[in-house]
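Letter by letter, the chains look like this.
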Amino acid sequence: DSVETDEPVKIGDWEPENYRHKYMGPVTLSQALALSLNTVAAKLVTYVGPENVVAVAHRMGITSELGTDVSISLGTSEVTLLELTGAFVPFANNGYPVVPYAIRRIVTRDGQILYERSGEGFAQAINDFDLGAMNRMMRAVVTEGTARRAQFGAFDIGGKTGTSQDYRDAWFIGYTADLIAGVWIGND
């Protein structure tokens, strides 16, 4: 419910802009997330510090090395779709991250197990209060923001959209209490 002003901003030599190059003035952080207001995201990272943003990203499941400048607010470090989708799992999983995997078991024709995935659980990555706030904000992305077309049926869906510079890439990570999915469209 915190309010920040969506306005042209300059951080050092960097001037982040919104998708439509328009500014809305005072908005809640929930509105800013739902509408992908880049200027508000950049301001927020300057307040909390890029190092803290990176620490939270790693706690949520990102394993790639991330840059520690303010542009991290707009996702300027590269991660795979699987890694990004996996980092959204705590929102659907009561705050607990997982390690995404593609192979659960490899078995020979005669039934001998050559490989079986195993692993321990992780500690809760996000506390219940913050989890509730983030889930409310991510639902707003789908109900009133940039991911409105992702809403279907009576599902309670949360998620986030994103684009790269020059709109070469677009992605959406969406989740319900039971499912999580990541979609990427672009030119790698």
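Refer to the structure above for everything that follows.
The text that follows walks through the structure, step by step, so that each part is easy to find. Note that this is a predicted model, so its numbers are computed, not measured.

Moving on to the overall build of the protein chain. Helix and strand counts for the protein chain come out as 6 helices and 7 strands. N-terminal to C-terminal, the α/β element order of the protein chain is β-β-α-α-α-α-α-β-β-α-β-β-β. Here the C-alpha coordinates of the protein chain stretch approximately 65 × 40 × 35 Å along the principal axes. Intrachain contacts of the protein chain at a sequence separation of at least 6 include 43% that bridge at least 24 residues. Accessible area of the protein chain: about 12,200 Å², with a carbon and sulfur share of 53%. Across the protein chain, the centroid of the 15 positively charged side chains sits 7 Å from that of the 23 negatively charged ones.

A complete count under the given rule lists 3 aromatic pairs for this structure. Pairing Phe88 with Phe91 gives two aromatic rings, centres 5.7 Å apart and planes at 65 degrees, and the pair type is edge-to-face. Here the two residues Phe88 and Phe91 agree in accessibility, since each one is buried. Ring centres 6.1 Å apart and planes at 20 degrees place the aromatic pair Phe91 and Tyr175 in the stacked group. With a gap of 84 residues between them, Phe91 in helix α5 (residues 89-92) and Tyr175 in strand β6 (residues 169-175) connect regions that are remote in the sequence. Each member of the pair, Phe91 together with Tyr175, is buried. Connected via pairs of aromatic rings, a cluster forms that spans Phe88, Phe91 and Tyr175.

Attention now goes to the side chain of Asp6. Looking at where Asp6 falls in the secondary structure, it is placed in strand β1 (residues 3-6). The side chain of Asp6 is buried and forms no salt bridge, while Lys43, the nearest opposite charge, is found at 7.2 Å. Within the structure, Asp6 has its side chain in polar contact with the side chain of Asn18 (distance 2.9 Å). A polar contact is formed between the side chain of Asp6 and the backbone nitrogen of Met24, at a distance of 2.9 Å. Discounting chain neighbours no more than four positions away, the residues touching Asp6 are Asn18, Lys22, Tyr23, Met24, Gly25, Val27, Leu37, Thr39 and Val40.

Okay, helix α6 (residues 128-144) next. End to end, α6 covers 24 Å across 17 residues, agreeing with the expected 24 Å (1.5 Å per residue, within 8%). Buried within α6 we find Leu131, Asn135, Met137, Met138, Ala140, Val141 and Val142. Check the buried side of α6 and you find it contacts α1 (29-34), α5, β5 (158-163) and β6. With a side-chain oxygen lying 3.1 Å from the backbone nitrogen of Phe129, the N-terminal cap of α6 falls on Asn127.

Before going further, it helps to spend a moment on the pattern of salt bridges. Under the defined criterion, the tally for this structure stands at 5 salt bridges. Residue Lys43 is joined to Glu7 by a salt bridge in which the shortest nitrogen-to-oxygen separation is 2.7 Å. Residue Lys43 is found in helix α2 (residues 38-48), and its partner Glu7 is found in the loop between β1 and β2 (25-28); the two are separated by 36 residues along the sequence. A residue is classified by how much of its surface remains accessible, and Lys43, at 8% relative accessible area, is buried. Linking Asp156 and Arg139 is a salt bridge whose minimum nitrogen-to-oxygen distance equals 2.8 Å. Placement of Asp156 in the loop between α6 and β5 and of Arg139 in helix α6 is noted, with a sequence separation of 17 residues between them. Residue classification places Asp156 among the partly exposed positions, given a relative accessible area of 46%. Of the residues examined, Arg139 reaches a relative accessible area of 33% and is grouped as partly exposed. Through salt bridges that share partners, Glu4, Glu7 and Lys43 make up one connected network.

Definitions and limits used
- Residues numbered from 1 in each chain as written.
- Predicted model: local features only at pLDDT ≥ 70, side-chain atom pairs only at ≥ 80, totals over all residues.
- Heavy atoms only, no water.
- Helix = DSSP H or I, 4+ residues; strand = E, 2+ residues; numbered from the N terminus.
- Contact = heavy atoms within 4.5 Å.
- Areas by Shrake-Rupley, 256 points an atom, 1.4 Å probe, with all protein chains shown as cover.
- Lys, Arg positive; Asp, Glu negative; His and termini not counted.
- Charge placed at Lys NZ, Arg CZ, Asp CG, Glu CD.
- Phe/Tyr/Trp six-rings, centres within 6.5 Å; stacked < 30°, edge-to-face > 60°.
- Buried < 20%, exposed > 50% of the residue type's maximum accessible area, 1.4 Å probe, protein only.
- Salt bridge = Lys/Arg side-chain N within 4 Å of Asp/Glu carboxyl O.
- Polar contact = N/O pair within 3.5 Å; in protein donor to acceptor, adjacent residues only side chain to side chain.
- Expected span 1.5 Å × (residues − 1).

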